[in-house]
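The chain contents come next:
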Amino acid sequence: MSDDEHEHELLVSKIEDGTVIDHVTGGQALNVLAILGIDGSRGERVSVGINVPSGRLGRKDIVKVEGRELTPAEVDVLSLIAPNATINIIRGYDVIDKHRVERTAVVAGILSCPNPECITNAREPVETRFDVLDDGVRCVYCESIIREGLAEHIEVERPSV
Amino acid sequence: MRHEHVITAKGLSRADIETVLDRAAELEAADSRAVELHRGKILALLFFEPSTRTRLSFDAAIKRLGGDAIDMGAVDESSVTKGETLADTVRVIEGYADAIVLRHPSQGAAKMASEFVDVPLLNAGDGAGHHPTQTLLDLYTMRKHVGLDGISVGIMGDLKYGRTVHSLATALTKFDTVQHFISPESLALPANVRYDLHEAGSTVREHRDIEDVLPELDLLYVTRIQRERFPDEREYRDVAGEYGIDAAALERAKEHCKIMHPLPRVDEIDPSVDETNHAVYFEQAHNGIPVRMALLDLLL
């Protein structure tokens, strides 16, 4: 059994019902939870592995959310910070669906615009919206392009873990 | 025109642009004073930043079309000082007017405002973003003098913050033009405009010295370098002096090369250029009337 499979065994298979987000880019697990708006306040049981050894990625993060099945619409936005992530839907300890996150065309309300002159940073009733480019995202309002450090611009509340 | 709002020049197709320019030519030829096609229509002018030419030419344009303008006036005399959002302001004003002209210091302000209203909204400048109606009058002026295809255009000055530059450069990608960008490194084209130019298949040709490219140009579009972009007066003076043009320098230009400027100018075009055949910047400003009339005529 490879390290990766061993970790999989330890960290993934012991969940009865819910979602396992695997192969998350190392160090991005808390951002994944932030984007998904999961902070444990609704009683979900959440387990997080950070910088776990991975055969494919070298190191990876892994997030288990018990009692909640995440939809593709909810998780595809993760492609911005964790393009290799795989989503495992678990029922009765079995993986009943497994897929990779897919690139979204638009990201709404997740990222803040780094341009201080952008109208989305004024006190206006407007949600941020970014078009997803091949190598970054672009604000649909001020048209600024963010190519690096996307996670730094996540504006949703951080989970209190 | 299919468009309800005019937010960026990029959002206008070549056909849209030509429709506006053709209509502007008709209105100009028809003696614009006599055209009263939109009697009773009201245009709201919301300028959150100072403006002379844009505000007055929109005012004149709607009046020459037989309509009238209502003007928010200076920001310090309006509800903005009471903390009203732009979204609320435009939602109220759309009940008073048939179209809204908006200038605002924040980039993306016109795009956002357009999402809150059903009447046509025209972006008259959003910070360092875009100024598409200026671009239409620029293109109208260019078409008259040098045409819009098969020409070489130089754009010089503050390319980073200059919204007229951003709109013009993206609009010119719809025509067969070669664009040269002349600026200090610190005021070069921003990443988002470069992205649009590359997406449109244009090559960004950059120069630090106007001398390198002046003899090739059919048209030179000069913009003002603003003092506040520089940490100190001396650095500003050094840079501003380098990115100006005078009649002597123009001896190396093609005889038919035209000089344009969105105005106001400071020192970047020496008054010695005014009397040469190269200068078309005052006519360019006058063209704001037929072009804005045409735009309103097509949108109202």
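Residues numbered from 1 in each chain as written. Chains lettered and ligands numbered in written order. Predicted model: local features only at pLDDT ≥ 70, side-chain atom pairs only at ≥ 80, totals over all residues. Heavy atoms only, no water.

1. Some points on the sheet that holds strand S8 (residues 136–139) of chain A
Residue and element names in this part refer to chain A.
- Read from one edge of the open sheet, 4 strands run S6-S7-S8-S9, paired in antiparallel fashion. Two strands close off the open sheet at either side, each with one partner strand: strand S6 (106–108) and strand S9 (145–146).
- Bridge count between S8 and S9: 2 bridges; the pairing is antiparallel. Pairing of Arg-138 across the sheet is with Ile-145, part of S9. (Pairing = 2+ DSSP bridges. Helix = DSSP H or I, 4+ residues; strand = E, 2+ residues; numbered from the N terminus.)

2. Focus on the pairing of strand S4 (residues 86–91) of chain A
Residues and elements named next belong to chain A.
- The buried count for S4 comes to 5 of 6 residues, which makes it a mostly enclosed element.
- With 5 bridges joining them, strand S1 (residues 18–25) and S4 adopt antiparallel strand pairing. In the strand pairing of S4, Thr-19 is matched with Ile-89.
- Bridge count between S4 and strand S5 (residues 94–100): 6 bridges; the pairing is antiparallel. From the neighbouring strand, Ile-90 faces S5, where its bridge partner is Val-95.
- The antiparallel hairpin formed by S4 and S5 contains 2 residues in its connecting segment, where Gly-92 sits at a positive phi of about 55°. (Buried < 20%, exposed > 50% of the residue type's maximum accessible area, 1.4 Å probe, protein only.)

3. A look at the domain arrangement of chain B
Residue and element names in this part refer to chain B.
- According to the domain assignment, chain B contains domain 1 (9–130 + 288–299) and domain 2 (132–286).
- Spacing between the C-alpha centres of domain 1 and domain 2 amounts to 25 Å.
- Opposite the 31 residues of domain 1 that make contact, domain 2 presents 28 residues.
- Summing both partners gives a buried area of about 2,500 Å² for domain 1 against domain 2, and 58% of it is carried by carbon and sulfur.
- Scanning the region where domain 1 abuts domain 2 turns up 5 salt bridges.
- Its salt-bridge partner being Lys-10, residue Asp-196 comes within 3.3 Å of it at the nearest N-O pair.
- Our count for the contact surface shared by domain 1 and domain 2 stands at 17 residue pairs in polar contact (both at pLDDT 80 or more).
- Of all the secondary-structure elements, those providing two or more residues to the side of domain 1 that touches domain 2 are helix H1 (14–29), helix H2 (53–64), strand S4 (121–126) and helix H10 (288–299).
- Per element, the largest residue contribution to the side of domain 1 that touches domain 2 is 9 residues, and it comes from H1.
- For the side of domain 1 that touches domain 2, a count of residues per class yields 14 nonpolar, 7 polar and 10 charged. (Domains from an automatic or database assignment. Contact = heavy atoms within 4.5 Å. Buried area = accessible area lost by both parts, 1.4 Å probe. Salt bridge = Lys/Arg side-chain N within 4 Å of Asp/Glu carboxyl O. Polar contact = N/O pair within 3.5 Å; in protein donor to acceptor, adjacent residues only side chain to side chain. Nonpolar A, V, L, I, M, F, W, Y, C, P; charged D, E, K, R; others polar.)

4. Topic: the layout of surface pockets
Residues and elements named next belong to chain B.
- In this structure, the largest pocket encloses a volume near 1,200 Å³.
- Surrounding the largest pocket, 50 residues form its lining, Gly-127, Tyr-161, Gly-162, Arg-163 and Gln-226 being those nearest its centre.
- Per-element tally for the lining of the largest pocket: the top contributor is H2, with 5 residues.
- Of the residues belonging to the lining of the largest pocket, the class tally is 18 nonpolar, 21 polar and 11 charged.
- In this structure, the second largest pocket occupies an estimated 370 Å³ of space. (1 Å grid on protein atoms, 1.4 Å probe; cavity = no way out; pocket = protein on both sides within 12 Å on 5 of 7 lines; lining within 4 Å. Points joined across faces, edges and corners; volume = space filled by probe spheres on them.)

5. What to know about the interface of chain A and chain B
- Facing the 17 residues of chain A at the interface are 20 residues of chain B.
- Around 1,500 Å² of area is buried between chain A and chain B when both sides are counted, 51% of it from carbon and sulfur atoms.
- If you sort the residues of chain A by the area they bury against chain B, Ile-119, Tyr-141 and Glu-143 of chain A come out on top, with a joint share of 33%.
- At the boundary of chain A with chain B, the tally comes to 3 salt bridges.
- Between Glu-143 of chain A and Lys-10 of chain B there is a salt bridge, with its nearest N and O atoms 3.1 Å apart.
- Inspection of the region where chain A meets chain B yields 11 residue pairs in polar contact (both at pLDDT 80 or more).

6. Some points on the domain arrangement of chain A
Residues and elements named next belong to chain A.
- Taken domain by domain, chain A comprises domain 1 (3–100) and domain 2 (106–153).
- Between the C-alpha centres of domain 1 and domain 2 there is a distance of 26 Å.
- Taken together, the contact pairs 6 residues of domain 1 with 7 residues of domain 2.
- When domain 1 packs against domain 2, the two sides together hide about 470 Å² of surface, and 86% of this comes from carbon and sulfur.
- Broken down residue by residue, the surface that domain 1 buries against domain 2 is led by Ile-35, Val-77 and Leu-80, which jointly contribute 74%.
- The tally of links from domain 1 across to domain 2 stands at 0 salt bridges.
- Along the contact surface separating domain 1 from domain 2 lie 0 residue pairs in polar contact (both at pLDDT 80 or more).
- When the residues that make up the side of domain 1 that touches domain 2 are grouped by side-chain class, the tally is 4 nonpolar, 2 polar and no charged.

7. Focus: the side chain of Arg-55 of chain B
- As for its placement among the helices and strands, Arg-55 of chain B is situated in helix H2.
- Excluding its chain neighbours within four sequence positions, the residues that come into contact with Arg-55 of chain B are Leu-45, Phe-47, Asp-71 and Gly-73 of chain B.

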